[in-house]
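# Examination of the molecular architecture
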Amino acid sequence: MNLRLILWTVGMAYAAFLLARGNGASSFGASFIAPFLGAAIGFALGSLFVKRDKRKHS
């Protein structure tokens, strides 16, 4: 696995967690669903950038 893919996944999960917890009115379930959605978006973005980088260098 590429380091970029891992960093995007973890970074987006952490950002989603912070955004969900930053709002005082967020529910307990939203605090757990937001990091999973953030990780999914981060994984998609990371894989997109990894594929783009491989295409560019090949």
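Just so we're clear, the structure is a prediction, and the values are computed from it rather than from any experiment.

### Digging into the pattern of salt bridges
In total, this model carries one salt bridge according to the counting rule given. Between Asp 53 and Arg 4 there is a salt bridge; the shortest N-O distance is 4.0 Å. Of this pair, Asp 53 sits in helix 2 (residues 28-57) while Arg 4 sits in helix 1 (residues 3-22); the two residues are 49 residues apart in sequence, bridging distant segments of the chain. According to the relative accessible area criterion, Arg 4 is partly exposed, its value standing at 35%.

### Focus: helix 1
Structural remark: α-helix, 3.6 residues per turn; residues separated by three or four positions point the same way. The first and last C-alpha atoms of helix 1 sit 28 Å apart over 20 residues, in line with the 28 Å expected at 1.5 Å per residue. Those residues of helix 1 not exposed but buried are Leu 5, Thr 9, Ala 13, Ala 16 and Ala 20. For helix 1, the arc enclosing every buried residue in end-on projection is 65°, short of the 170-degree limit, so these residues lie on one face. Away from its buried face by more than 90 degrees, helix 1 exposes Leu 3, Leu 7, Val 10, Tyr 14, Leu 19, Arg 21 and Gly 22. For helix 1, the secondary structure elements touched by its buried residues are helix 2.

Rules of the game
- Residues numbered from 1 in each chain as written.
- Predicted model: local features only at pLDDT ≥ 70, side-chain atom pairs only at ≥ 80, totals over all residues.
- Heavy atoms only, no water.
- Salt bridge = Lys/Arg side-chain N within 4 Å of Asp/Glu carboxyl O.
- Helix = DSSP H or I, 4+ residues; strand = E, 2+ residues; numbered from the N terminus.
- Buried < 20%, exposed > 50% of the residue type's maximum accessible area, 1.4 Å probe, protein only.
- Expected span 1.5 Å × (residues − 1).
- Arc of directions from axis to C-beta.
- Contact = heavy atoms within 4.5 Å.

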